[in-house]
Each structure stands twice: as structure tokens, then as C-alpha cells.
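A closer look at the structure
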2 protein chains.
Amino acid sequence: MSIIKSNTLKNIPFFKNCSDKTIEALSDQAQIIDLEKGSMLFSNKDKAERFYLVTKGWIKLYRETIDGAQSVVDILNANNVFGEVALFQNDTTSFSAEAAERAQVMSFPLCILKKEIENNSNLTMDMMLSMTRHARQQDQEIENRTLKNASQRIGCFLLRLVDQRKTGEIVIKLPYDKTLVAARLGMQPETFSRALNKLKDQIDLHVVGREIRILSLQDLTKYACSACSSEFPCHDIKS
Amino acid sequence: MSIIKSNTLKNIPFFKNCSDKTIEALSDQAQIIDLEKGSMLFSNKDKAERFYLVTKGWIKLYRETIDGAQSVVDILNANNVFGEVALFQNDTTSFSAEAAERAQVMSFPLCILKKEIENNSNLTMDMMLSMTRHARQQDQEIENRTLKNASQRIGCFLLRLVDQRKTGEIVIKLPYDKTLVAARLGMQPETFSRALNKLKDQIDLHVVGREIRILSLQDLTKYACSACSSEFPCHDIKS
DNA sequence: TCTTTAATTTGATTTTGGTCAAGGCAATAT
DNA sequence: ATATTGCCTTGACCAAAATCAAATTAAAGA
């Protein structure tokens, strides 16, 4: 059984430079956790002893004030790893994690990863790269909040879901529900709904539930990227 | 002359784990650049071949759209290093740099740093730590933009300038001009001015030019941190 | 299918911050 | 000292988004 997990791990980008021995150790200590929608995996108050791999569904990472207002840090799906930065922050995290929908994660002891990092510079470099990419995305996000209005942020979000080489009509399926997309983009659900309507007025775009049909990528690009420092197609696309 | 620079570098946190040989090499290839206020050091369009150390004044890192709207990424003063992340991004940066006031920087070839990183895991770990800290700050910044209003953001900014253990009356000097503080906080100068006035109404606070006198840190904390996920004193304070 | 619940939309209203224009103030240069 | 320039503030107005309330639609269970 532990062997199945090992094979699984080898195919995950995050683990590709891990030594076999460490993969074994991680597999042995792995736990599988099933999560109902909305159930919390950990809180920023907790001491971090494990890190996580998403295997099914979506996990929301967020910060929360005393009175319940949330700021979304990231939203991750299968094959993404999170919670590992605790290694560089005295075993604390600055965010909480919960299932955005029914989901499954695998958890591993941080201490195993810590040991591996100390003498595997390839893994360290991988983490460095992914951290750099994340930092860049955060910079981009701050720029978006500063310079783009709600409709443009939605447009930008949509563009990142598209295979950017495609031409002609395109159908996009929102990866998770609209309320969560709104939160991810830093706006209220009501604002999201209205801003999407405005987008419909501006460019040729049809919405049916979570599916969005776009007739001209160019128009959308022109609209969304005009208030952006980077040119389309964006260089900081995920994964 | 190169020796003076070497000694200087050894005292900079960023270089503390660099080998002597690399410090020598960096010193030999170092260039000193004086910058008038507003003059640009590099643009995100440029290919990055060097990284930088601030030696005097303030440097503004920012992103800019075609029509000149800016989003501030960071504002750095003496002893801070920037531009080194280009190493992990194919020798590109996603931001531009200019002097926020008369300033001086030292520049070094990235390739020397690259070589050093490849076989100095201590340095790599340092960079990892500083990158983690920066990422955390960015998360905090996104939270601030999402959950705090203009006055609370200003309050938060002020709190981070204070020695948090002090009690009683406190005088804070803004590190750079108000227009730049406003940009750093993602608001217009007019909004900054008004929001600072509002802050005066809410808590006991006096402003004379760049100097701000605060009578009760507690009041300010209560006001600014109520819309925040982390408790005061903040854990992600700079440097 | 019928309930029940949750997600989404819409309308009305308020709040916040942005924009534009004008003045005041302060630092620097002449 | 006076002029010039750039920074900062204020007022009037506008626009975007948040909030509150209600209706509608979609999804999940029984």
C-alpha cells in the first residue's frame, strides 16, 4: 500500500527531485484526509507539523479577522502542495486552510521534508523557483487590485483559464463557484455578478451557470489587459 | 579600494554567508551608481544582468502600465538588496526601479551570485528565508487592501515604523514623502491626506509635516489592527 | 418529485475612494 | 528676499463598490 503512494508521489512536480529514501519515508508517514465542503484543515493558530498535497477537489487558503472577514491567499487543486513554507517560519503558517468543496488531501510530516532540504539542493532550488513564482503572482495580484476595476479583474481571471494559443470561440468553465471566485478576486458576490454583466456589455460573452462562452479572445484581452503592466499572454501563468 | 568595498559587503545581512572569494569577486565588479530623484535604474523590459544594493536614499520598485499608472512593489533603503530574483526568472524582472529621492546604489553581476548559490547552501537558505518573508508581507498587503480602509492602512503603516515595545507618547517621522507613502499603500495623495485627517479625529494624533505624534499606541492599534488577521505586534515586521 | 438549502441575481441605498480644479505651503534656486 | 517649483491640502463632484434586503434560480437530499 505504501508502494502505491510512492509511485503517486514521484509523478507530482513538487516531489520530482526528492530522493527515493525520502519518498519512502514520506509515503510511510502519509495520512489521507477527506474533507467535507467548508471543513477546516488547519488554522494559522495551530503549530505546523505537517504539510499537504491536494489529491481531490479545491482547498482554500485564507486569512481571517476576529469578526470573520476573510482574505483569500490561494485556491489549490489536485497535485498542488501547501503548508511547506512553515519550514521557513518557525513552524507557523500565516493562513488557514479549508475545503472549498468536498476534497481530499494527503499530509506528511514537515520534519522529513526539512531533513531532505538540508542535503538536497535540487529540491531547495525547486522550492525557490515555486516561491519566486508565487511571489510574482502576489505582485501581480496587488497590481490588479490597485489598477484594475472589478470587470477587468474578472476578465484577467478568465484569460488565465484559457489555453492562450487558441483562437475563435472559446468556452471556459469556472473552476469553482462564483462566490469563491469573487472572494479570490477581492470583491463581494454581488459586485462579481454585476461586473460580469458589465463585461457582457463590453465584449461578446455568454454566461450559462459556470460556463462562459467567449467569442473573441482579442476583445477580452484588449479590455482586461489594458490596465496591466504585463502584456498578454501573461508570463506568470500558474503551474 | 576594492578592499573597502569588501569590508562593507561583509556587514550587509544579504552577503553574510557569501564566501570570501565571492565577496572579492563581487567587489571587483561592483559599480557605484548615483541617482537623482526620479531617475530610472532599470525597467522590467531590460534583460537583467546585475543585482543591486542600496547604499543611500530610497529606491522604489514598481510596475507600470502603458498609460503610466503605477503599482508599487516595494520601497527600499540602505543595506537592502534587490533585483536578485531575476536569477530564478530567466534573467528578467517583473518590475522597474527608480530613485524615490536622491540615492546611491551598488550593482554587481548576477552571474557571480549565480555561481555562489550553486554551491553555497547557506546563502541559498538565506535567500529562501528572505523570500518567504517577502511573500508573507505580500499576503499581508493583499489582506490590507481587501479588509482595511484607507485610514486603517495608514495606521498599520505607522505602527510598523514604531518600536513596538515603547509606551506613552511617540513621534514618528515618515521615511519618505507623503505622495510616495500614499502610492505604497495603494491610494491617491488626496485620499491619503483626507484619511490621515480622519485618523486624527478617531485617535489622538498630531501631524506636522512628516512628523506624526501619537499619544496612545493602544488606541492606534485598536483602530488599525481590528481589521487584521494577525495580532499586534505584527510578526512579519521588516528586516 | 418535492423539500430544503445554498448560490446567484437584482434593486435601492450608502459608503468609500477617485478625479478634477484650485490654493496654500515649504523647500530650493536665483 | 523673491521667485519658482514641487508637495500637500481642500472643495466639489463623480464613480465604483459595499451593504442591506429581497427575489430568483440551482443544487442536494429525502
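Conventions we followed
Residue numbering note: each chain is counted from 1, following its sequence as written. Ligands are numbered from 1 and chains lettered from A, in the order in which they are written. Whole-chain, interface and lining totals are the exception, using all residues; otherwise, since this is a predicted model, local features are given only for residues with pLDDT of at least 70 and side-chain atom pairs are given and counted only at 80 or more. With hydrogens and water stripped out, all remaining heavy atoms of the structure feed into the side-chain values. Only protein atoms enter the 1 Å grid used here, on which a cavity is any set of points holding a 1.4 Å probe that cannot leave and a pocket is any open set flanked by protein within 12 Å on both sides along at least five of seven lines; residues with an atom within 4 Å of a point are listed as lining. Grid points are joined across faces, edges and corners, and a volume is the space filled by probe spheres set on the points. Helical segments are the DSSP runs of H or I of at least four residues, strand segments are the runs of E of at least two, and each set is numbered from the N terminus. The nonpolar class holds Ala, Val, Leu, Ile, Met, Phe, Trp, Tyr, Cys and Pro. Asp, Glu, Lys and Arg form the charged class, and all remaining residues, Gly among them, are polar. Least-squares superposition aligns the copies on the C-alpha atoms of those residues with pLDDT at or above 70 in both. Any two residues whose heavy atoms approach within 4.5 Å are treated as being in contact. Salt-bridge detection follows one rule: a side-chain nitrogen of Lys or Arg within 4 Å of a carboxyl oxygen of Asp or Glu. Residue burial is assigned from relative accessible area. The probe radius is 1.4 Å, only protein chains are included, and a residue is buried under 20% of its type maximum, exposed over 50%, and partly exposed in between. Near, as used in this document, describes a residue that has one of its heavy atoms within 4 Å of the molecule or strand being considered. Side-chain atoms alone can form a polar contact between residues adjacent in sequence; in general such a contact is a pair of N or O atoms within 3.5 Å, and within protein one must be able to donate a hydrogen while the other accepts it. For two strands to be treated as a pair, DSSP must find no fewer than two bridges joining them. Axes here refer to lines fitted to C-alpha atoms; in helices the fit is confined to the stretch in contact. Angles between the N-to-C directions go from 0 to 180 degrees. Note that the arc is computed from the directions linking the helix axis to the C-beta atoms. When two parts are brought into contact, each loses some accessible area as probed by a 1.4 Å sphere; the total of that loss over both is the buried area.

1. Some remarks on empty space enclosed by the protein
Going through the model one piece at a time under the given rule, you end up with one cavity of 30 Å³ or more. When its volume is computed, the largest cavity comes out at roughly 30 Å³. As for the largest cavity, its lining consists of Ser 71, Val 72, Val 73 and Gln 138 of chain A together with Asp 139, Ile 142 and Glu 143 of chain B. Of all the secondary-structure elements, those providing two or more residues to the lining of the largest cavity are strand 5 (70-76) of chain A together with helix 4 (121-147) of chain B. By residue class, the composition of the lining of the largest cavity is three nonpolar, two polar and two charged.

2. So, the relation of the copies chain B and chain A
After a rotation of 180° and a shift along the axis of 0.0 Å, chain B superposes on chain A with an RMSD of 0.0 Å. Taken together, the rotation and translation relating the two chain copies correspond to the operation of a two-fold axis. When C-alpha positions in chain B are compared against the rotation axis, the closest is assigned to Ala 135 of chain B, at 2.7 Å. Of the interface residues in chain B, 100% have counterparts in chain A that sit at the interface too, so the contact is made through matching surfaces.

3. Some thoughts on the pattern of salt bridges
All names here are of chain A. Enumeration over the complete set of coordinates arrives at 20 salt bridges over all chains. Here Lys 16 ties to Asp 126 by a salt bridge, and the two come within 3.9 Å at their closest N and O atoms. Of this pair, Lys 16 sits in the loop between helix 1 (2-10) and helix 2 (20-29) while Asp 126 sits in helix 4 (residues 121-147), placing them 110 residues apart in sequence. Close ionic contact of Asp 91 with Lys 47 constitutes a salt bridge, the shortest N to O distance being 3.7 Å. One end of the pair, Asp 91, is in the loop between strand 6 (81-82) and strand 7 (96-99); the other, Lys 47, is in the loop between strand 2 (40-42) and strand 3 (50-56), and 44 residues separate them in sequence. On the basis of relative accessibility, which here comes to 56%, the residue Lys 47 falls in the exposed class. Several salt bridges converge on common partners, so that one network encompasses Glu 141, Arg 145 and Arg 184.

4. Section: the protein's contact with DNA strand C
The immediate surroundings of DNA strand C are formed by 15 residues, with Thr 179 and Asn 197 of chain A together with Ala 150, Thr 191 and Arg 194 of chain B found nearest. In DNA strand C, atoms within 4 Å of the protein come 60% from sugar and phosphate. Glu 190 of chain B is positioned such that a nitrogen or oxygen atom in its side chain is 3.2 Å from a base nitrogen of DNA strand C. Measuring from a base oxygen of DNA strand C, one finds a side-chain N or O atom of Arg 194 of chain B at 2.8 Å.

5. Describing unusual backbone geometry
The phi dihedral of Asn 79 of chain A is positive, around 80°, even though this residue is not glycine. Positionally, Asn 79 of chain A belongs in the loop between strand 5 and strand 6. Residue Asp 91 of chain B is not a glycine yet carries a positive backbone phi of 60°. The exposure class of Asp 91 of chain B is partly exposed, given its relative accessible area of 26%.

6. Some words on the sheet that holds strand 7 (residues 96-99) of chain B
Strand order across the open sheet formed by four strands is 2-7-4-5 (chain B), with antiparallel pairing between neighbours. Each having just a single partner strand, strand 2 (40-42) and strand 5 (70-76) of chain B make up the two edges of the open sheet. Each strand axis lies, on average, 30° off the axis of its neighbour in the sheet, ignoring direction. Bridge count between strand 2 of chain B and strand 7 of chain B: two bridges; the pairing is antiparallel. Note that in strand 7 of chain B the partner of Met 40 of chain B across the bridge is Glu 98 of chain B. Against the sheet, helix 4 of chain A makes contact with strand 4 (59-64) and strand 5 of chain B, and its axis sits at roughly 130° relative to strand 5 of chain B, the strand it touches most.

7. Considerations on the pairing of strand 3 of chain A
Residues and elements named next belong to chain A. Where burial is concerned, most of strand 3 is hidden: five out of the seven residues are buried. Bridging between strand 3 and strand 8 (residues 103-109) involves six bridges; their strand directions are antiparallel. Of the residues in strand 8, the one forming a bridge with Arg 50 is Pro 109. The pairing of strand 3 with strand 6 spans two bridges and is classified as antiparallel. Opposite Leu 53, over in strand 6, you have Val 81 as the bridge partner.

8. Some details on the protein's contact with DNA strand D
The full set close to DNA strand D counts 16 residues, and Ala 150, Thr 191 and Arg 194 of chain A together with Thr 179 and Asn 197 of chain B are the nearest of them. A share of 63% of the atoms of DNA strand D within 4 Å of the protein falls on sugar and phosphate groups. At 2.9 Å from a phosphate oxygen of DNA strand D is found a side-chain nitrogen or oxygen belonging to Lys 178 of chain B. Secondary-structure elements contributing two or more residues to the surface near DNA strand D are helix 7 (189-202) of chain A together with helix 6 (178-184) and helix 7 (189-202) of chain B. Per element, the largest residue contribution to the surface near DNA strand D is four residues, and it comes from helix 7 of chain B. Looking at the surface near DNA strand D, its residues break down into two nonpolar, seven polar and seven charged.

9. Details of helix 3 (residues 110-118) of chain B
All buried positions along helix 3 of chain B are accounted for by Leu 110, Ile 112, Leu 113, Glu 116 and Ile 117 of chain B. The arc enclosing the buried residues of helix 3 of chain B, seen along the axis, measures out at 160°, which places them on a common side. Projecting away from the buried face of helix 3 of chain B at angles above 90 degrees are the exposed residues Lys 115 and Glu 118 of chain B. In this structure, the buried side of helix 3 of chain B is in contact with helix 4 of chain A together with helix 2 (20-29), strand 3 (50-56), strand 8 (103-109) and helix 4 of chain B.

10. A look at the interface of chain B and chain A
By a frequent convention, interface size equals the accessible area lost on bringing the separate parts together. Chain B puts 41 residues into the contact, and the matching count from chain A is 41 residues. A buried area of about 3,700 Å², summed over both sides, lies between chain B and chain A, and 61% of it is on carbon and sulfur atoms. At the boundary of chain B and chain A, one finds two salt bridges. Two residues, Arg 63 of chain B and Glu 143 of chain A, come together in a salt bridge whose shortest N-O distance is 2.7 Å. For the interface between chain B and chain A, the tally reads twelve residue pairs in polar contact (both at pLDDT 80 or more). The element that contributes the greatest number of residues to the side of chain B that touches chain A is helix 4 of chain B, accounting for 18 residues. Class assignment for the residues of the side of chain B that touches chain A results in 15 nonpolar, 16 polar and ten charged.

Nothing here speaks to function; it is geometry throughout.
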